[in-house]
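A look at the structure
What follows is each chain in one-letter form.
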Amino acid sequence: MIEIRNLIVEKGESVILKIPNASIDVSKGTAIFGENGAGKTTFVKCILGIERYKGTIESSICKNKIQVLMQKNSYPPYAKTKDILKLILDKRDLSSLSTLLH
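To start, this report covers the structure provided alongside it. Source: prediction; values computed, not measured. (Residues numbered from 1 in each chain as written. Predicted model: local features only at pLDDT ≥ 70, side-chain atom pairs only at ≥ 80, totals over all residues. Heavy atoms only, no water.)

**Digging into helix α1 (residues 40-48)**
Every buried residue of α1 is listed here: Thr42, Phe43, Val44, Cys46 and Ile47. Looking at the buried side of α1, the elements it contacts are β1 (2-11), β2 (14-24) and β3 (54-59). Immediately downstream of α1, the backbone of glycine 49 shows phi near 80°, a positive value. (Buried < 20%, exposed > 50% of the residue type's maximum accessible area, 1.4 Å probe, protein only. Helix = DSSP H or I, 4+ residues; strand = E, 2+ residues; numbered from the N terminus. Contact = heavy atoms within 4.5 Å.)

**Observations concerning unusual backbone geometry**
Of note, asparagine 6 is a non-glycine position whose phi angle comes to about 55°, a positive value. Tracing the backbone through its elements, the reader meets asparagine 6 in strand β1. With relative accessibility at 51%, the residue asparagine 6 sits in the exposed group.

**A look at the pattern of salt bridges**
Under the definition given, this model contains 3 salt bridges. Measuring nitrogen to oxygen at the nearest pair gives 2.7 Å for the salt bridge that ties glutamate 58 to arginine 5. Remark: arginine 5 occurs in strand β1 and glutamate 58 occurs in strand β3; sequence separation between them is 53 residues. Owing to a relative accessible area of 41%, glutamate 58 belongs among the partly exposed residues under this scheme. Of the residues examined, arginine 5 reaches a relative accessible area of 33% and is grouped as partly exposed. Close ionic contact of glutamate 10 with lysine 54 constitutes a salt bridge, the shortest N to O distance being 3.0 Å. Within this pair, whereas glutamate 10 is found in strand β1, its partner lysine 54 is found in strand β3, the two being separated by 44 residues in sequence. (Salt bridge = Lys/Arg side-chain N within 4 Å of Asp/Glu carboxyl O.)

Structural data, given as structure tokens:
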């Protein structure tokens, strides 16, 4: 669970992200969707602790257990999907994904 209270991110004089209160159940995975410039990346950076913010973010998840896949990623054109998944999931065995991979 991630609990957010009075989250504010400022750049200079401008408030670029404001989330008064939110609870996010991340027990089964979470996706964040929104228009360009809505603050998705800034929000994720706050959760990861790499963006300065005011307010409180409390998480029951260890930061090194959070995996983030941003929209733009660069993988070599010859990379196989299963190898990219192994890299992202930090696993050698993808048997749990066998129904997706052939």
